[in-house]
Amino acid sequence: MKVIVSHDVDHLFGRDHWFRDLIYPKLWVRSLLQGLKGEISWRECWLRSASCFQRDRHRIPLVMEFDRQHGVPATYFFGMNQGLGMSYYPSEAREVIRLVHEKGFPVGVHGICYDNPDGIRREYETFRDLMGFEPCGIRMHYVRYDENTFSWEAQAGYRFDSTEFDKAANGTIKAPYRVGNMWEFPLCVMDGYLTQSLEEAKRETLARFEECRRNGMEYITILFHEYQFDQAYSAIRDWYVWLIESVEKSEEDSFISFEDAIRELEEKP
């Protein structure tokens, strides 16, 4: 199979959440509860709680370097709006987006307005006007969508979306399909819906790969939130390292970008 890797950029800087939302109080409470339950170590609990005082909450340079070393043409999705704990402004993201783009990685929009065609179009135009080039595609924050979202995205000018996700089944096993002039790439494996234990996450991921093979899937789409490439999230960071290194060594699987997958799909009769 051909593996498409992507990163949603939910957080950029420590200041993103001071006086803008309730992310930090929720983070402190959740980390404490996970520590008490033994789901994470007390060291991780402390590191997660202290992360709000760091200048940078993202780990984009580290993840880009790791992806580059392993030949992963990953796509990075950045917010052009605020909501549901994604609170940085487009202007604050400009330099980071430029860095990612200059390093040769595709960049798209991490959308908020899934149920409003004008809002979807504005996010597209905000990115274009901010950066001077078109976003490569879109994924909605919290993978939210309704029966109109994808057609509105196509009308706005997006080449692809990768939002469709069956949360109850931990990922939609479905091949890419057209929506007007746009391609939809359903998500197959998402870090946030894996068991937060390294060995369990590995088993769940292998099961998803095998399910995709049984269904004759040609492409499998992976989401890893790059801020977790950190010792504060050691299990899910190690899962990502294991996954990338496993695909790199595999004789059955290889990496591909959304753009190259679209070219292959459109060349088929």
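Residues numbered from 1 in each chain as written. Predicted model: local features only at pLDDT ≥ 70, side-chain atom pairs only at ≥ 80, totals over all residues. Heavy atoms only, no water.

**Student:** Is there a simple way to think about a nonpolar patch on the surface in this case?
**Tutor:** On the surface, Val29, Leu32, Leu33, Leu36 and Trp42 cluster together into a nonpolar patch covering about 510 Å² of accessible area. In terms of residue count, the dominant contributor to the nonpolar patch is helix 1 (residues 23–37) (four residues). Assignment of secondary structure puts tryptophan 42 in helix 2 (residues 42–50). (Patch = residues over 30% accessible without salt bridge, like charges linked within 9 Å, V, L, I, M, F, W, Y side chains within 5 Å. Areas by Shrake-Rupley, 256 points an atom, 1.4 Å probe, with all protein chains shown as cover. Salt bridge = Lys/Arg side-chain N within 4 Å of Asp/Glu carboxyl O. Helix = DSSP H or I, 4+ residues; strand = E, 2+ residues; numbered from the N terminus.)

**Student:** Help me out: how do you make sense of the nonpolar core in this one?
**Tutor:** Soluble globular proteins tend to pack their nonpolar side chains together in the buried interior. Within the largest apolar cluster, 64 residues are counted, with the highest numbers of intra-cluster contacts made by Leu12, Ile60, Tyr76, Phe78, Ile97, Ile220 and Trp239. When residues of this core are assigned to their parent elements, the largest contribution, seven residues, is made by helix 8 (residues 234–249). For leucine 12, the contacting residues outside a window of four places in its chain are Arg55, Asp56, Arg57, His58, Ile60, Phe78, Tyr88, Glu92, Ala93 and Val96. Counting residues in each nonpolar core, the second largest holds 12 residues, with Phe77, Trp183, Tyr219 and Phe258 among its members. (Core = buried A, V, L, I, M, F, W, Y, C linked by side-chain atoms within 4.5 Å. Buried < 20%, exposed > 50% of the residue type's maximum accessible area, 1.4 Å probe, protein only. Contact = heavy atoms within 4.5 Å.)

**Student:** What exactly am I supposed to notice about the pattern of salt bridges here?
**Tutor:** The full count for this structure, using the stated rule, is 22 salt bridges. Across the pair glutamate 125 and arginine 121 runs a salt bridge whose closest N-O atoms are separated by 3.7 Å. Of the two residues, glutamate 125 and arginine 121 both sit in helix 5 (residues 117–131), four residues apart, roughly one turn of that helix. Here arginine 121 falls in the partly exposed class, since its relative accessible area comes to 35%. For glutamate 210, the salt bridge is made with arginine 213, and the minimal N-O distance between the two is 3.3 Å. Residue glutamate 210 and its partner arginine 213 are located together in helix 7 (residues 198–214), separated by three residues, close to a single helical turn. Look at glutamate 210 and you get partly exposed, because its relative accessible area is 39%.

**Student:** Honestly, the pairing of strand 3 (residues 107–111) in this entry has me stumped. Any pointers?
**Tutor:** Along any regular strand, the residues point their side chains to alternate faces of the sheet. With respect to burial, strand 3 is a largely interior element, five of its five residues being buried. Bridging between strand 2 (residues 75–79) and strand 3 involves four bridges; their strand directions are parallel. The partner of phenylalanine 77 across the bridge, within strand 3, is glycine 108. In this view, the connection linking strand 2 to its parallel neighbour strand 3 by way of helix 4 (residues 90–102) has right-handed handedness. Note that strand 3 and strand 4 (residues 138–140) share three bridges and pair parallel. Within the sheet, the bridge partner assigned to histidine 110 lies in strand 4 and is arginine 139. What joins strand 3 to strand 4 is helix 5, and the crossover it makes is right-handed. (Pairing = 2+ DSSP bridges. Right-handed = clockwise from strand over helix to strand, strands pointing away.)

**Student:** Got a minute to help me understand the state of the cysteines in this structure?
**Tutor:** Disulfides are covalent bonds that link the sulfur atoms of two cysteine residues. Scanning the model with the defined rule gives zero disulfides in all. Here cysteine 52 is not cross-linked by a disulfide; its sulfur's nearest cysteine counterpart is in cysteine 45, at 12 Å. Since its relative accessible area comes to 1%, cysteine 52 is described here as buried. There is no disulfide at cysteine 188, and the cysteine sulfur nearest it, in cysteine 212, is 4.4 Å away. (Disulfide = S-S within 2.5 Å.)

**Student:** How do you make sense of unusual backbone geometry when you look at a structure like this?
**Tutor:** It is generally the case that most residues other than glycine have a negative phi and that most peptide bonds are trans. Positive phi is not limited to glycine here, since leucine 84 has a value of about 50°. Mapped onto the secondary structure, leucine 84 falls in the loop between strand 2 and helix 4. On the accessibility criterion, leucine 84 (45% relative accessible area) is partly exposed. Within the chain, valine 143 stands out as a residue other than glycine whose phi angle is a positive 40°. Take valine 143: it is sitting in the loop between strand 4 and helix 6 (149–156). Classification of valine 143 by relative accessible area gives buried; the value is 6%.

**Student:** What should I look at first to understand the pairing of strand 1 (residues 2–9) in this one?
**Tutor:** Burial analysis of strand 1 places seven of its eight residues in the buried class, which makes it a mostly covered element. Pairing analysis gives five bridges linking strand 1 to strand 9 (residues 219–223), with the strands arranged parallel. Bridge assignment links serine 6 to a residue of strand 9, and that residue is leucine 223. Of the strand pairs in this sheet, strand 1 and strand 10 (residues 254–255) are connected by two bridges, and their pairing is parallel. Paired with valine 3 across the bridge in strand 10 is phenylalanine 255. Bridge count for strand 1 against strand 2 is four bridges, and the pairing is parallel. Bridge pairing links aspartate 8 to phenylalanine 77 in strand 2.

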